[in-house]
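For reference, the chains in residue letters:
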Amino acid sequence: MKISIVGAGYVGLATGVGFASMGHSVICVDVDAERVRKLNRGEPPIYEPMLEEHLRKALEENRFEATTELGRAIRQSEVIFICVGTPSKSDGSMDPVFIEQASRDIGQAMKDRGGYPVVTVKSTVVPGTTEGVVIPLLERNSGKRAGAGFGVCVNPEFLREGQALSDFFNPDRVIIGELDGRSGDTLHQLYRDFKCPILRTDLKTAEMIKYASNAFLAAKISFINEIGNICKRLGIDVYEVARGMGLDRRISPHFLNAGIGFGGSCFPKDVRALMARARELGYEPRLLEAVMALNEDQPLRLLELLRKHLPDLRGRTIGVLGLAFKPGTDDVREAPSIRIVGELLREGAAVKAYDPKAMDNFRRIFPQLQYCGRAEEVLDSDAVLILTEWEEFRRLDYSGKVVIDGRRIEEARKARVYEGVCW
Ligand code: UGA
């Protein structure tokens, strides 16, 4: 099938390169000319395992192209994915500015083409956005009617950073929200080789499935962190508790790793956007409020434990292992490390830090830290905080050190003083 992807960010690229690898013909559109040039040379603008290999292969086989010319891409595609970002406004609600722009541009480009192209929203948008914002703009700018001159679907992504391509090829499910059967059939065709359930719904149900899934996973993490905070006071290992709980198939063992909380570009933003939408509708989302409040305090628990061993941080050197919001990525957006390092500096500590991938991104926020070339160098400090569970941290020699662990690195238990954040 001929596919265009509007927005060559993280989701757009993983999706575009994924479909190209499956034999489809993909044109990726982006406004950033430098990004487009790089992509056409086989250089992905973000770090993601396997992305470069798949991109290069797709380019060699002429199944992938990046361009700034939206009109040309739209005119020749059967499916058009909208993959632009949905940032937050200051009140936490979703800012539809890029969605609106993409809808206008795609509408314009569909003006003088025939057929039944299916515009598919893959960006994470609050329930009601496709019907309330995307369709009216497509109709106004194309002069065609949705369901007559073009089709519309919502097809949320469930990719995890650091595993985006393997998640793309092996999804647990595919959700197709459809305006009409014809739109849904076209998208279904695209996913027919995937070995997983395909659920077809209406447009806003598909939008809600995405938010509900992220909100549930976020809640699961805050839940186990709360149990962990109680366990810590009782001298119980929350990881053993989680193992016992996870054996119940209704609970499942996944996403029960207690620690310093969730970060990244999705969970915090999506939960806040859902809360903002609920409030607009006159509903107070009390559970989601608690999920976020717990998550905001969780990094500070690590500092409480640190103060137990070093009551005054002034003039002390604190080593920080891990800055990324999770291993396998260079992303530090909403990472617990930002809160923790900010607090350490405020209290007068000097901070030495190491992360195998995220130091460049972190340096833009905190240029004043001492960034180390190797993890071992960080160990030479008054106390060490573990903030991301990178594999290489399992191989360090922690003997003789004071370690406060936010991510459960077993090896660190050999430290002279060891405290887990909630175990
Ligand atoms: C998340 C979802 O897992 C994806 O399904 C979804 O597509 C994506 O958001 C999105 O909406 O785009 P991602 O943000 O890449 O993916 O990261 P996760 O692997 O879900 O981890 C999120 C955060 O939760 C990390 O900070 C991680 O350290 C934390 N976490 C995760 C825990 O603290 N404990 C756990 O047991 C699991």
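Anything mentioned here points back to the structure above.
Scoring rules and cut-offs
- Residues numbered from 1 in each chain as written.
- Predicted model: local features only at pLDDT ≥ 70, side-chain atom pairs only at ≥ 80, totals over all residues.
- Heavy atoms only, no water.
- Helix = DSSP H or I, 4+ residues; strand = E, 2+ residues; numbered from the N terminus.
- Buried < 20%, exposed > 50% of the residue type's maximum accessible area, 1.4 Å probe, protein only.
- Lys, Arg positive; Asp, Glu negative; His and termini not counted.
- Salt bridge = Lys/Arg side-chain N within 4 Å of Asp/Glu carboxyl O.
- Polar contact = N/O pair within 3.5 Å; in protein donor to acceptor, adjacent residues only side chain to side chain.
- Contact = heavy atoms within 4.5 Å.
- 1 Å grid on protein atoms, 1.4 Å probe; cavity = no way out; pocket = protein on both sides within 12 Å on 5 of 7 lines; lining within 4 Å.
- Points joined across faces, edges and corners; volume = space filled by probe spheres on them.
- Nonpolar A, V, L, I, M, F, W, Y, C, P; charged D, E, K, R; others polar.
- Near = heavy atom within 4 Å.
- Areas by Shrake-Rupley, 256 points an atom, 1.4 Å probe, with all protein chains shown as cover.
- Pairing = 2+ DSSP bridges.
- Axes fitted to C-alpha atoms, helices over the stretch in contact; angles between N-to-C directions.
- Left-handed = near helix turned anticlockwise from the far one by under 90°.

Asks: Got a minute to help me understand the side chain of D405 in this structure?
Replies: With respect to the element layout, D405 can be found in strand β13 (residues 402-405). Within the buried core, D405 has no salt-bridge partner, and the shortest N-O distance to an opposite charge, that of R413, equals 6.4 Å. Looking at D405, its side chain comes within polar contact range of the main-chain nitrogen of R407, at 2.8 Å. Non-local contacts of D405, meaning those with residues more than four positions away in its chain, are made with L302, I386, Y418, E419, G420, V421 and W423.

Asks: What is the right way to look at the layout of surface pockets in this model?
Replies: Rolled over the atoms, a probe sized like a water molecule indicates the empty space that remains. A volume near 220 Å³ is recorded for the second largest pocket. For the second largest pocket, the lining is made up of 15 residues, of which Y10, I46, Y47, D330 and R333 are closest to its centre. Of the residues that constitute the lining of the second largest pocket, the class distribution is five nonpolar, four polar and six charged.

Asks: Sorry, what's going on with the site of the ligand here?
Replies: Residues in contact with the ligand amount to 20 residues; listed here are only the nearest, E157, L159, E161, K210 and N214. Here K210 contributes a side-chain N or O atom positioned 2.6 Å from an oxygen atom of the ligand. In this structure, G263 approaches the ligand through a main-chain N or O atom, which is 3.0 Å from an oxygen atom. Within the complex, the protein chains bury 93% of what would otherwise be the 710 Å² of accessible surface of the ligand. When residues in the shell around the ligand are grouped by element, the largest group, three residues, is from helix α9 (residues 203-234). Split into classes, the residues belonging to the shell around the ligand amount to nine nonpolar, four polar and seven charged.

Asks: Just to check I follow, could you spell out the sheet that holds strand β9 (residues 317-321) for this structure?
Replies: Adjacent strands of a sheet form backbone hydrogen bonds with each other and so pair up, either parallel or antiparallel. One open sheet holds the six strands; their spatial order is β11-β10-β9-β12-β13-β14, and the pairing between them is parallel. Both outer strands of the open sheet, β11 (370-371) and β14 (417-420), are each paired with one neighbouring strand and no more. Here four bridges tie β9 to strand β12 (residues 383-386), and the two strands are oriented parallel to one another. Residue pairing across strands places L321 opposite I386, the latter belonging to β12. Lying on the sheet, helix α12 (residues 286-309) is in contact with β9, β12, β13 and β14; it crosses β13 at an angle near 160 degrees.

Asks: Is there a simple way to think about the pattern of salt bridges in this case?
Replies: Charged atoms that come close allow side chains of opposite charge to pair. Scanning the model with the defined rule gives 34 salt bridges in all. Of the charged contacts, one joins R63 and E61 as a salt bridge, the two residues approaching to 2.5 Å between their closest N and O atoms. Residue classification places E61 among the partly exposed positions, given a relative accessible area of 34%. The closest approach of N and O atoms between K308 and E419, which form a salt bridge, is 2.7 Å. Placement of the pair is K308 in helix α12 and E419 in strand β14, with a sequence separation of 111 residues. Residue K308 is classed as exposed on the basis of its relative accessible area, which comes to 54%. Salt bridges linked by common partners bring D237, R408, E410 and R413 together as one network.

Asks: Any chance you could explain the sheet that holds strand β3 (residues 64-67) here in plain terms?
Replies: Taken in spatial order, the eight strands line up as β3-β2-β1-β4-β5-β6-β7-β8 in an open sheet, and their pairing is mixed. Whereas interior strands pair on both sides, the edge strands pair on one side only; in this sheet they are β3 and β8 (198-201). Here the average twist between neighbouring strands, direction ignored, is 25 degrees.

Asks: Where do I start with the packing of helix α11 (residues 267-280) against α12 in this structure?
Replies: How two helices pack is summed up by the angle between their axes together with the distance between the axes. The N-to-C vectors of α11 and α12 enclose an angle of 145 degrees; their axes lie 10 Å apart at closest approach. In the packing of α11 onto α12, the handedness of the crossing is left-handed. Residues P268, V271, R272, L274, M275 and R279 of α11 touch α12, and the partners they reach there are L288, E289, M292 and E296. When its residues are assigned to classes, the contact of α11 with α12 shows six nonpolar, no polar and four charged.

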